[in-house]
Amino acid sequence: MPKIPGKPLSVWAQVGYYTSLGFILPAAALAGFGLGWCLDRWLHSSPIFAMILGLAGAVGGIVEIITILNRAEKLGD
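Everything numeric here is computed off the predicted structure, so don't read it as measured data.

Of note, the phi angle at H44 is positive, near 55°, even though the residue is not glycine. Position of H44 relative to the elements: it lies in the loop between α2 (21-43) and α3 (48-74).

See below:
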């Protein structure tokens, strides 16, 4: 969590920061699925791109959540 040196974060700032983590995974999965769906419509293919890119978005969302949590842990939050 980004901190200003010498200034503790309020409880509500921390709640807002950690609540945003719950939106990262579904947003990434939906973005990947949406891009794949557009590719499938453009290429007139089965929903293979939607499934693959949706899964890739979910994996990217998980990686991003882990990265954010590791960064917050290093900062001593």
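To continue, consider the confidence of the model for the chain. Taken as a whole, the chain shows an average pLDDT of 88; of its residues, 87% reach a score of 70 or greater. Mean pLDDT across the secondary structure elements of the chain bottoms out at helix α1 (residues 11-19), with 85, and peaks at α2, with 96.

Between α2 and α3, whose axes approach to 7 Å, the crossing angle comes to 155°. On the basis of the axis angle, α2 is roughly antiparallel to α3. In this structure, α2 meets α3 at a crossing whose hand is right-handed. Grouping the constituent residues of the contact of α2 with α3 by class yields 19 nonpolar, five polar and two charged.

This next bit is on the environment of V63. With respect to the secondary-structure elements, V63 resides in helix α3. V63 sits in the partly exposed class, given a relative accessible area of 48%. Along the primary structure V63 and L25 are separated by 38 residues, whereas in three dimensions their C-alpha atoms are 9.2 Å apart.

Per the stated rule, a full pass over the model turns up one aromatic pair. Plain terms: the ring middles of Y17 and Y18 are 5.2 Å apart, the flat faces sit at 80° to each other, and that makes the pair edge-to-face. Classification of Y18 by relative accessible area gives partly exposed; the value is 32%.

Conventions used here
- Residues numbered from 1 in each chain as written.
- Predicted model: local features only at pLDDT ≥ 70, side-chain atom pairs only at ≥ 80, totals over all residues.
- Heavy atoms only, no water.
- Helix = DSSP H or I, 4+ residues; strand = E, 2+ residues; numbered from the N terminus.
- pLDDT = per-residue confidence, 0-100.
- Axes fitted to C-alpha atoms, helices over the stretch in contact; angles between N-to-C directions.
- Parallel < 35°, antiparallel > 145°, perpendicular 65-115°, else oblique.
- Left-handed = near helix turned anticlockwise from the far one by under 90°.
- Nonpolar A, V, L, I, M, F, W, Y, C, P; charged D, E, K, R; others polar.
- Buried < 20%, exposed > 50% of the residue type's maximum accessible area, 1.4 Å probe, protein only.
- Phe/Tyr/Trp six-rings, centres within 6.5 Å; stacked < 30°, edge-to-face > 60°.

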